[in-house]
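A structural walkthrough
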Amino acid sequence: MKPRAPLSLPAIFGIPAAIALVTTAGLVTALLDDGLMDALSWAALSVPVLAAARSWRNRER
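Remember, predicted model here, so these are calculated numbers, not experimental data. (Residues numbered from 1 in each chain as written. Predicted model: local features only at pLDDT ≥ 70, side-chain atom pairs only at ≥ 80, totals over all residues. Heavy atoms only, no water.)

Turning to the overall build of the chain, a few remarks are in order. Across its full length, the chain carries two helices and zero strands. Here the C-alpha radius of gyration of the chain, 16 Å, is well above what a compact globule of 61 residues would show, namely 10 Å. Seen through its principal axes, the chain has C-alpha atoms that stretch 55 × 25 × 10 Å. Classification of the 61 residues of the chain by burial places 8% in the buried group. If you sum the accessible surface of the chain, you get close to 5,600 Å²; carbon and sulfur atoms cover 70% of it. Charge separation in the chain, taken as the distance between the mean sites of 6 positive and 4 negative side-chain charges, equals 28 Å. (Helix = DSSP H or I, 4+ residues; strand = E, 2+ residues; numbered from the N terminus. Rg over C-alpha atoms; globule rule 2.2 N^0.38 Å. Buried < 20%, exposed > 50% of the residue type's maximum accessible area, 1.4 Å probe, protein only. Areas by Shrake-Rupley, 256 points an atom, 1.4 Å probe, with all protein chains shown as cover. Lys, Arg positive; Asp, Glu negative; His and termini not counted. Charge placed at Lys NZ, Arg CZ, Asp CG, Glu CD.)

Here it is as structure tokens:
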């Protein structure tokens, strides 16, 4: 078996960094205004939950 090539930093930390940015944006929009901003914050804050659920569902057994 050939050893796998090492992954680059963006390949390792790209998705977690994007989830962190979306979550931060959701927390900030929750503080700013009511109405549409609340809907945007709920959508943004659901991203980490959905990512965890997808990861848990697609794990190898």
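There's more to say after this.
You can see Thr29 is positioned in helix α1 (residues 9-32). Setting aside chain neighbours within four positions, we find Thr29 in contact with Met37, Leu40 and Ser41. (Contact = heavy atoms within 4.5 Å.)

Let us look at helix α2 (residues 36-57). End to end, α2 covers 31 Å across 22 residues, agreeing with the expected 32 Å (1.5 Å per residue, within 8%). The largest bend in α2 amounts to roughly 30° and is located at Val47, with the proline Pro48 lying one to four residues further along. (Expected span 1.5 Å × (residues − 1). Bend = angle between axes of the 7 residues up to and from the residue.)

Where α1 meets α2, the axes come as close as 8 Å, and the angle between the chain directions of the two elements is 150°. Here α1 lies roughly antiparallel to α2, going by the angle between them. For the element pair α1 and α2, the recorded crossing hand is left-handed. Listed contacts from α2 to Ile19, Val22, Thr23, Gly26, Leu27, Thr29, Ala30 and Leu32 of α1 are Met37, Asp38, Leu40, Ser41, Ala44, Leu45, Val47, Pro48 and Ala51. (Axes fitted to C-alpha atoms, helices over the stretch in contact; angles between N-to-C directions. Parallel < 35°, antiparallel > 145°, perpendicular 65-115°, else oblique. Left-handed = near helix turned anticlockwise from the far one by under 90°.)

Within the fold, Val28 resides in helix α1. On the basis of relative accessibility, which here comes to 42%, the residue Val28 falls in the partly exposed class. Distance in space between the C-alpha atoms of Val28 and Ser41 is 7.9 Å, their sequence separation being 13 residues.

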